[in-house]
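What follows is the residue order along each chain.
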Amino acid sequence: MLVSVFTGAVPPHLCRSSGGALAPADFNFSHVATVGVRHDGSCAVPLNHSGAAALADGHRTGTCQGGWEYSTETFQSTTVTEWDLVCDSASMNNMGSSVYMFGLLVGAVVYGSLADKYGRRIIILVNLAIQTVFGVGAAFAPNFYVYIALRFVVGTSISGVIMNAFVLGTEWTGPKQRMLAGIITDYFFGFGYILLAGVAYLIRDWRKLQLAISAPGFLFISYIWVLPESARWLMANDRKEEACELICTAAQMNGRPLTKDLEMCQVHNVEEKTVVKKKYSFIDLVRTPTMRKQSFIVFYIWFANVLVYYGLSLNISDFGMNIYLTQMIFGLVEMPARTITLFTLNRSRKLSQLAFMAVGGSACLLTIFIPNELSVVKTVLAMIGKFGITASLSIIYVYSAEVFPTVIRQNGIGIGSMCARTGGVLAPMMYLLRGISPQAPMVLCGLFPLLGSALTLLLPETANRPLPDTIEDVEGPELSVTVPL
């Protein structure tokens, strides 16, 4: 997901002369980035003068027609250097990122619905295969358009894997351990964040890097034999015998008695044989009053968390340090944020969500009152804001899976993830508001979480409580009387 930080990086570059002459061997590319005329120095060639100094001195320039030479100090090659995605074509590089994010959004909608219909297991396996094959294919893309098309498909599959793997783990975990399972999943995201920095540091060619992170996906072929379906989903879809078999297998592996589980299966088989099974869709998320209220609140929290998460990452990423070290630091920052949720979620999902969004929003809002001279204080507050939002983002994964009932859980997670991806797409655009006011982005980064914190008060507590299986479990027994289905 984050590999484009390296594969799509823009190294310092200089326009060749119209005759195609290269920059001198001892030319200092860093000078291009520091003379204060990055755009002109990179996208134009001086007329009757030579070097970046001429550009810095304000001499006349012409458009670059001889191509560009790129610094290889940090990267051997990137998609930018291979296809010259700079200057007038720089927007193409941004478009590639937007197409990938749109793929994440599409995958959240499509695979959320398909998983509720066909099961968690098959959708995970299919998406792992798609992610691997198309990811490897991207490493051999002949041109940029094929590359972004392949990345779009990879984006859709990543959404399918992340959502369904999280839901599958949640549905196989008891109330007391459910939170731990969710947070452990987030830990692996943080570990991957850090590991990517190391792999990218060792592999500086973008095609080899793309291949290195995609090819290991073929190892997931073993999941065909070891990945179980969700017993809870099987029960909800009237496949009781298959669910009982899986439960018996799990109980045997855990050394637990089977009596209660078997009795539960038998009771369901007897009582529900004549019941006509109802089909559910995303419309059921908003059909009834309580479910509608909870759905909109959860969707907003998803949106606000991801909008601010990426908004802050873009705002505080310019440390002026090595890009690989910066990537590692970003990964390390997430660890304490995810760790602290282990100690708060068991007590209360609701209060944890509320508190961390309040901390993140308040810290961001406080930065607007700090003068620019106190840059260290501003940075510390921004990091506290990122800490709070990262913890909040970890919680909403667990919380939303427990708010939605089993019959529409994957639809709910899918729409929530779609709202989150919308926030990710809008995060870079948020900083265009600096033209109106330099403080506008941080004001939004503060207000969005604070509103989400207040709305959390309207959600139910789910800590150490059974997962709801049907909409009736959420609405109560009066549903059939007050709301026509």
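All figures in this text were calculated on a predicted structure; none of them were measured in a lab.

Asks: I'd love a proper account of the overall build of the protein, names of residues and values included.
Replies: Scanning the protein from N- to C-terminus turns up 23 helices and four strands. For the protein, restricting intrachain contacts to residue pairs at least 6 apart in sequence, the fraction spanning at least 24 positions comes to 79%. Total accessible area computed for the protein in this model is approximately 23200 Å², and 64% of it derives from carbon and sulfur atoms.

Asks: Give me the lowdown on the packing of helix 7 (residues 120-138) against helix 10 (residues 206-214), citing residues and values where you can.
Replies: Where helix 7 meets helix 10, the axes come as close as 8 Å, and the angle between the chain directions of the two elements is 170°. Between helix 7 and helix 10, the angle is such that the two are roughly antiparallel. Considering only the axes of helix 7 and helix 10, their crossing is left-handed. Contacts between helix 7 and helix 10 involve Thr132, Gly135, Val136 and Ala138 on the former and, on the latter, Trp206, Gln210, Leu211 and Ser214. In terms of residue class, the contact of helix 7 with helix 10 is built from four nonpolar, four polar and no charged.

Asks: Give me the lowdown on the environment of methionine 430, citing residues and values where you can.
Replies: Looking at the element boundaries, methionine 430 is found in helix 20 (residues 409-430). Using a relative accessible area of 5% as the deciding quantity, one classes methionine 430 as buried. Considering only alpha carbons, one finds methionine 430 and leucine 444, 14 residues apart in sequence, at a separation of 8.4 Å. Discounting residues that sit within four places of it in the chain, methionine 430 has contacts with Leu307, Gly311, Pro441, Leu444 and Cys445.

Asks: Kindly report on the packing of aromatic side chains, identifying the contributing residues and their values.
Replies: Counted under the stated rule, the structure contains 16 aromatic pairs. When the ring of phenylalanine 75 is compared with that of tyrosine 324, the centres are 6.2 Å apart and the planes differ by 50°; the resulting orientation is tilted. Of the two residues, phenylalanine 75 is situated in the loop between strand 4 (68-70) and helix 5 (79-83) and tyrosine 324 in helix 17 (residues 323-344); the sequence distance between them amounts to 249 residues. The pair phenylalanine 75 / tyrosine 324 is uniform in exposure class, with both members buried. Here the aromatic residues Trp83, Phe144, Tyr145, Tyr147 and Trp206 are joined through ring pairs into a cluster of three or more. A cation over a ring is seen here: arginine 151 above tyrosine 100, with NZ or CZ 4.1 Å from the ring centre. Stacked on the ring of tyrosine 201, the Lys or Arg arginine 204 has its end atom at 4.6 Å from the ring centre.

Asks: Residues and numbers for the state of the cysteines, please.
Replies: Applying the stated criterion across every chain, the model contains zero disulfides. Lacking any disulfide linkage, cysteine 445 is separated from the closest cysteine sulfur, that of cysteine 364, by 5.2 Å. Owing to a relative accessible area of 0%, cysteine 445 belongs among the buried residues under this scheme.

Asks: Just give me the short version of helix 10, but keep the residues and values in it.
Replies: Burial in helix 10 covers these residues: Trp206, Leu209, Gln210 and Ser214. Relative to the axis of helix 10, the buried residues are bounded by an arc of 125° and lie together on one face. N-capping of helix 10 is provided by aspartate 205, with a side-chain oxygen placed 3.0 Å from the backbone N of arginine 207.

Asks: I'd like a rundown of a nonpolar patch on the surface, residues and numbers included.
Replies: A contiguous nonpolar patch, built from Phe220, Ile221, Tyr223, Ile224, Trp225 and Val226 and spanning about 640 Å² of accessible area, is present on the exposed surface. Within the fold, phenylalanine 220 resides in the loop between helix 10 and helix 11 (223-226).

Asks: Describe the environment of alanine 355, and please don't skip the residues or the numbers.
Replies: Position of alanine 355 relative to the elements: it lies in helix 18 (residues 349-366). On the basis of relative accessible area, alanine 355 is assigned to the partly exposed category, the value being 36%. The spacing of alanine 355 and serine 392 is 37 residues in sequence and 8.4 Å in space, taken between C-alpha atoms.

What counts as what
Residues numbered from 1 in each chain as written. Predicted model: local features only at pLDDT ≥ 70, side-chain atom pairs only at ≥ 80, totals over all residues. Heavy atoms only, no water. Helix = DSSP H or I, 4+ residues; strand = E, 2+ residues; numbered from the N terminus. Contact = heavy atoms within 4.5 Å. Areas by Shrake-Rupley, 256 points an atom, 1.4 Å probe, with all protein chains shown as cover. Axes fitted to C-alpha atoms, helices over the stretch in contact; angles between N-to-C directions. Parallel < 35°, antiparallel > 145°, perpendicular 65-115°, else oblique. Left-handed = near helix turned anticlockwise from the far one by under 90°. Nonpolar A, V, L, I, M, F, W, Y, C, P; charged D, E, K, R; others polar. Buried < 20%, exposed > 50% of the residue type's maximum accessible area, 1.4 Å probe, protein only. Phe/Tyr/Trp six-rings, centres within 6.5 Å; stacked < 30°, edge-to-face > 60°. Lys NZ or Arg CZ within 6 Å of the ring centre and 35° of its normal. Disulfide = S-S within 2.5 Å. Arc of directions from axis to C-beta. Polar contact = N/O pair within 3.5 Å; in protein donor to acceptor, adjacent residues only side chain to side chain. Patch = residues over 30% accessible without salt bridge, like charges linked within 9 Å, V, L, I, M, F, W, Y side chains within 5 Å. Salt bridge = Lys/Arg side-chain N within 4 Å of Asp/Glu carboxyl O.

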